[in-house]
Each structure stands twice: as C-alpha cells, then as structure tokens.
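Understanding the architecture of this molecule
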Amino acid sequence: MLNCLVTVLGIFICVPLLLFLAAPYIRRYMAGGVCKSTAKLNGKMVVITGANTGIGKETARDLAQRGARVIIACRDMAKGEAAACEIRAETGNQQVIVKKLDLADTKSIREFAENFLAEEKELHILINNAGVMLCPYSKTADGFEMHLGVNHLGHFLLTFLLLECLKQSAPARIVNVSSLAHHGGRIRFHDLQGEKCYNWGLAYCHSKLANVLFTRELARRLQGTGVTANSLHPGSVYSSLVRHSILMTLLWKTFSFFLKTPREGAQTSVYCAVAEELESVTGQYFSPPTPSAVCLENCLQVTGSSDNHAEEFDCRPAYVSPQGRNDEVAKKFWNVSCELLGIQWD
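Residues numbered from 1 in each chain as written. Predicted model: local features only at pLDDT ≥ 70, side-chain atom pairs only at ≥ 80, totals over all residues. Heavy atoms only, no water.

Attention now moves to the sheet that holds strand E5 (residues 172-177). Spatially, eight strands are ordered E3-E2-E1-E4-E5-E6-E7-E8 in an open sheet, and the strand pairing comes out mixed. The open sheet has two free edges, formed respectively by strand E3 (96-100) and strand E8 (316-317), since each of these has just one partner strand. As judged from the two bridges shared by strand E6 (residues 227-232) and strand E7 (residues 285-287), these two strands associate in the parallel manner. Bridging from a neighbouring strand, Leu-232 pairs with Phe-286 of E7. Packing of helix H5 (residues 146-168) onto the sheet brings it into contact with strand E1 (45-49), strand E4 (125-128), E5 and E6, and relative to E4 it is tilted by some 175 degrees. (Pairing = 2+ DSSP bridges. Helix = DSSP H or I, 4+ residues; strand = E, 2+ residues; numbered from the N terminus. Contact = heavy atoms within 4.5 Å. Axes fitted to C-alpha atoms, helices over the stretch in contact; angles between N-to-C directions.)

With that settled, consider the pattern of salt bridges. As enumerated under the stated definition, the model contains 13 salt bridges in all. Lys-99 serves as the salt-bridge partner of Glu-119, at 3.2 Å between the closest nitrogen and oxygen. Here the residue Glu-119 occupies a position in helix H4 (residues 106-119), and Lys-99 occupies one in strand E3, the gap between them amounting to 20 residues. The class for Glu-119 is partly exposed, based on a relative accessible area of 47%. A residue is classified by how much of its surface remains accessible, and Lys-99, at 28% relative accessible area, is partly exposed. The residue Arg-220 makes a salt bridge to Glu-217 at a minimum N-O spacing of 2.5 Å. (Salt bridge = Lys/Arg side-chain N within 4 Å of Asp/Glu carboxyl O. Buried < 20%, exposed > 50% of the residue type's maximum accessible area, 1.4 Å probe, protein only.)

Note on aromatic pairs: each is described by the distance of the centres and the angle between the planes. If you walk through the whole model with that rule in mind, you get eleven aromatic pairs. Ring centres 5.0 Å apart and planes at 45 degrees place the aromatic pair Phe-156 and Phe-214 in the tilted group. Note that Phe-156 is positioned in helix H5 and Phe-214 in helix H6 (residues 200-221), a separation of 58 residues in sequence. Judged by relative accessible area, which is 3%, Phe-214 ranks as buried. Ring plane angle 70 degrees and centroid distance 5.0 Å describe the contact between Phe-156 and Trp-334, whose orientation is recorded as edge-to-face. (Phe/Tyr/Trp six-rings, centres within 6.5 Å; stacked < 30°, edge-to-face > 60°.)

Quick look at the nonpolar core now. Generally speaking, soluble globular proteins have nonpolar side chains that are buried together. By size, the foremost hydrophobic cluster in this structure holds 47 residues, and its most contacted members are Leu-123 and Trp-345. Here the element with the most residues in this core is H5; it accounts for eleven residues. Ignoring any residue separated from it by four or fewer positions in sequence, one finds Trp-345 in contact with Phe-156, Thr-159, Phe-160, Leu-163, Phe-214, Leu-218, Arg-221, Trp-334 and Cys-338. Judged by nonpolar contacts, the second largest core, of 33 residues, contains Ile-125, Ala-266, Ala-273 and Val-274. (Core = buried A, V, L, I, M, F, W, Y, C linked by side-chain atoms within 4.5 Å.)

Low-pLDDT portions of the prediction should not be read for the details of their coordinates. Across the chain, the average pLDDT comes to 86, with 76% of residues at or above 70. Scored below 50 in pLDDT, residues 291-313 makes 23 contacts in the model with residues more than four places away or belonging to other chains. (pLDDT = per-residue confidence, 0-100.)

A large share of E6 lies buried, amounting to six of its six residues. Here E6 shows no split at all, with Val-227, Ala-229 and Ser-231 on one side and Thr-228, Asn-230 and Leu-232 on the other all buried. Pairing between E5 and E6: six bridges, direction parallel. If you follow Ala-172 over to E6, its bridge partner there is Val-227. Note on the crossover from E5 through H6 to E6: the handedness is right-handed. (Right-handed = clockwise from strand over helix to strand, strands pointing away.)

Written as structure tokens, this is what we have:
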C-alpha cells in the first residue's frame, strides 16, 4: 500500500516537472520557421483583408516594414485604425491605410472595390486573410451560410472585382489563407448552405477546402498573365478566431503557451507574398516547416552552421487532401460560386 502511494506521488511530481522542463523545447518545436526573405516592397501596393488583428495584422506589419503601401481592409474600423496607428509608429511607414470592408455583405465588397479602383492605379499583392470559425448557424446579408459566405464567397467576389488591376500590375500575387482543416472538408453541392445538416466545425472545414479549390482553379485560369495564386496553412495560432466557441476558447487559453503567436502564424503569408523564388510558382498550398525541419534548424543554430542552410527552413508546398486536388470539383464549384454571386467569370 505504501509503495503504491509512493509511486502515485512520484508520478504527480515527476510528470509536471518533466513538462515544465520540456516546455521551452516544445514551444520552440511548435513555433515553426521564419520567412527569411529580405525582399523590399517599396512602391508596391498591398491589400490585406482582416488585417486589424491576428495574423493579418502581423502580415501588414511585416509588409509595411518592407516599404509597401498597405491597405487594411476590415469591418471594424476602430480596430483597424488602432492597428494602422501602431504599425505606422513602429515601422515609420505612413502608407498604412484602413478601408471599410465587410465580407459578409456583397454590397460592402463592391463599394470597397469601386473605391479602391478609383483611388489606386496598381495592386501587386492581394492577401485574402479574413475569416470566421465555429459560428453558430447564421447567414450573411445576402443569405449565404456565414462560413461559406465570408471565408469563400466574399473573397471570391473581391478577387473577381480586383483581378484586372492585378493583371495590369503584373507580376502580382494572390494569397489565400486556408487551413490544415481543409482535410476534413467536403463540397456538399446538395447542401452548400448547411440548411439540411449543419455542424459549425465541419462548416469551417468545408470553407477552408473551398479556399484550396478556388486557388487551384484560379491559378489554372491565370496561367500566362503574370499573376500567381497560392493558398496556405498558417499553423495553430493563438487568436480570437475561436471566440464563438466557449470550449475552444478555454482550450486555446489553457494551451496558449504551445500555440503560435500571431507573428509566428503570419510567416507563411509573408513568405507567399514576398519570397523571390515564388515569383512564378502558382496553384500551390504552403505550410510552415515540419517539426523535424524546425528541430534540425535549432540544431544547426546551436552548432553555428544555420546560415548556410537558411533557405531549407522557409515555408514549403504541403500535402493537399484528395478533395483539394479534384479539378472537376474545383471547376464545378467555381461555376456554382459565380451563380450564387450573380457574376460571369470566364
């Protein structure tokens, strides 16, 4: 009996102690790599949706630091102005501007695009970053299920409206922020709006698969135009994206130490937007370095030899689910999206 108590006591003491000692290494393991490109963006125009917070804000900060003129396109103008002021003060780049954009309202999207095209002559980088996650069943102003409407259709329409400007500014890039969650998604043509069967977790997965399929078909259609389109997974990031779920919010707070910071999560977006080696790369899905690569980088840093291998650890193309590689589904979904939005995009 005494031996059992000693064993149990030992476990209760040793396990937390081991976790405490291992925490810094686990944190570094989860952080992923850093975009090592030194590309400058002076004279370049960038639009980033949802850049008032989270990885969008950190992406805006990075690109502003590189000299770009950055438009923060967001729904909450107060948060947007606060983010812009912070970025301008930190980077010294006064060309960080906030514009109203509500992706849950096609009228707002059209107004944003109309004003942008009237005021700006060029667009070199469009980062479709904004998104919603785990929303209770609700609809956009146009009657679309919220995840589908904001995460996919909103960005689909925005890209359509700005595409000619991107083509005229080529070389240009379109970056769509998707997620590893796309592996759990399906395009359910018989119930796209989730009216027959709705699960808020799966609805998010479906919309992230939509991002991958949109990118794939868009890249195919843009061949030879000088405009590339790539999608990405930022990693598991500690942000307000899970705010609609009390359980996920609690889990995120509990394990926040092991999640990426918004700055770490923004690295894949930054890489896809600026890396010189991606100038002609299109239709790919990028993800942060695998944990094994990160561990190898840490070892190289310890031995002082990482500089010669820096390019190995930038973000790289990642595995796409079979559903995300289905060209027939991508084409059909493109046509359905055009029908829902009332546009003709050949």
